[in-house]
Amino acid sequence: MKESYERLLEGNKTWSAEKLKQDPDFFKNLTLGQNPEYLWIGCSDSRVPANEITGTKSGQMFVHRNIANMVVHTDMNLLSVLYYAVEVLHVKHIIICGHYGCGGIAAAMGNKDNGFVNNWLRNIKEVYEKHKTELESITDLKKRENRLVELNVIEQVHNLSKTIVVQKAWNKRELQVHGWVYGFNNGLITDLKVMMDEISDLEPIFRYDL
Ligand code: CO
């Protein structure tokens with residue numbers, strides 16, 4: 001019997017052969033470099049595969065994923081990805097995509113000790129506290145959780161805009177930061193329409209003189 005990891009290698013062989021059949025130059029083109037238009041910041045959840053749900057192919061999207069699609073201003077991993085995507089790859093759109101049914105959001109809403117992950121979820125609890133009045137006015141707990149998913153995305157759009165990388169880009173070119181939510185109940189993405197593309201969209205205290 002095949003080990004489960006061996007299925008991945010077999011799946012890869014099938015995929016590679018399929019790609020070559022559709023386009024004999026597919027891999028040759030990939031070796032020439034990447035020129036993605038989008039940076040995707042999404043949740044690590046296995047049910048939210050960035051390329052698959054957006055119908056994008058290899059080379060079209062630069063991707064960063066973490067638990068609950070957070071933009072934490074001390075996260076060197078995210079900041080490095082952001083810097084490279086904006087400064088070197090010159091992406092035109094950054095998409096923060098949350099999703100309903102997010103385990104990270106649900107965990108942050110509760111009081112259970114989640115061990116080391118507590119440190120990460122703490123950032124979501126701050127979002128909760130900031131919007132506590134609105135959230136606690138929603139009596140249905142599932143609806144409250146869904147709203148926190150949305151508010152968290154909006155907060156991360158703001159967090160991205162607070163970075164010097166995004167503000168410097170805005171100073172010289174077009175760059176849009178979008179907030180979306182994916183629902184794996186129907187496979188559809190909702191645009192929260194909270195796009196930010198200039199420094200005046202941001203609270204004055206976070207604006208840098210450039
Ligand atoms: Co999630």
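About the cut-offs
- Residues numbered from 1 in each chain as written.
- Predicted model: local features only at pLDDT ≥ 70, side-chain atom pairs only at ≥ 80, totals over all residues.
- Heavy atoms only, no water.
- Buried < 20%, exposed > 50% of the residue type's maximum accessible area, 1.4 Å probe, protein only.
- Helix = DSSP H or I, 4+ residues; strand = E, 2+ residues; numbered from the N terminus.
- Pairing = 2+ DSSP bridges.
- Donors = N, O, S within 2.8 Å, 3.2 Å for Na, K, Ca; no water.
- 1 Å grid on protein atoms, 1.4 Å probe; cavity = no way out; pocket = protein on both sides within 12 Å on 5 of 7 lines; lining within 4 Å.
- Points joined across faces, edges and corners; volume = space filled by probe spheres on them.
- Nonpolar A, V, L, I, M, F, W, Y, C, P; charged D, E, K, R; others polar.
- Phe/Tyr/Trp six-rings, centres within 6.5 Å; stacked < 30°, edge-to-face > 60°.
- Lys NZ or Arg CZ within 6 Å of the ring centre and 35° of its normal.

Asks: Talk me through the pairing of strand E3 (residues 93–99); I want residue IDs and the actual numbers.
Replies: In terms of burial, E3 is largely enclosed, as 6 of its 7 residues are buried. Taken together, the 5 bridges between strand E1 (residues 38–43) and E3 define a ladder with parallel strand orientation. Bridge pairing in E3 places Gly 42 opposite Cys 97. Across 7 bridges, E3 lies against strand E4 (residues 176–183) in parallel orientation.

Asks: Any details on the coordination of the cobalt ion? Residues and values, ideally.
Replies: The protein atoms that coordinate the cobalt ion are Cys 43 (SG), His 99 (NE2) and Cys 102 (SG), at distances spanning 2.0 to 2.3 Å. Counting residues between consecutive donors of the cobalt ion along the chain gives the motif C-x55-H-x2-C. The exposure classification of His 99 matches that of Cys 102, with both residues buried.

Asks: Describe the layout of surface pockets, listing the residues and the values that go with them.
Replies: Its boundaries defined by the atoms lining it, the largest pocket holds a volume of some 470 Å³. What lines the largest pocket is a set of 19 residues, and nearest its centre among them are Val 71, Val 72, His 73, Asn 159 and Lys 162. Here the lining of the largest pocket gets 4 residues from one element, more than from any other, and that element is helix H6 (residues 118–130). For the lining of the largest pocket, the class distribution of residues is 10 nonpolar, 5 polar and 4 charged. Its boundaries defined by the atoms lining it, the second largest pocket holds a volume of some 210 Å³. Forming the boundary of the second largest pocket are Lys 19, Gln 22, Asp 23, Phe 26, Asn 29, Leu 30, Gly 33, Gln 34, Lys 57, Ser 58 and Gly 59. Of all elements in the fold, only helix H1 (4–22) and helix H2 (26–31) reach the threshold of two or more residues within the lining of the second largest pocket. Sorting elements by how many residues they give to the lining of the second largest pocket places H2 first, with 3 residues. The class makeup of the residues in the lining of the second largest pocket is 2 nonpolar, 6 polar and 3 charged.

Asks: Describe in detail the packing of aromatic side chains, supporting the description with residues and values.
Replies: To describe a pair of aromatic rings, you give the distance between the ring centres and the angle between the ring planes. This structure, assessed with the given rule, holds 6 aromatic pairs. Judged by centre distance (5.6 Å) and plane angle (70 degrees), the ring pair of Trp 15 and Phe 27 falls under edge-to-face. Highlighted residues: Trp 15 in helix H1 and Phe 27 in helix H2, separated in sequence by 12 residues. What makes Trp 15 partly exposed here is its relative accessible area of 37%. The partly exposed category is assigned to Phe 27, whose relative accessible area is 25%. Taken together, a centroid distance of 6.4 Å and an interplanar angle of 75 degrees make the contact between Trp 40 and Trp 180 edge-to-face. Separated by 140 residues along the polypeptide, Trp 40 in strand E1 and Trp 180 in strand E4 bring together distant segments of the chain. Here Trp 40 and Trp 180 have matching classes, each one buried. One aromatic cluster is present, formed by Trp 15, Phe 26 and Phe 27 through successive ring pairs. The ring of Phe 26 has Lys 19 lying over it, and the distance from NZ or CZ to the ring centre is 5.1 Å. Directly above the ring of Phe 206 sits Lys 162, whose terminal nitrogen or CZ lies 4.1 Å from the centroid.

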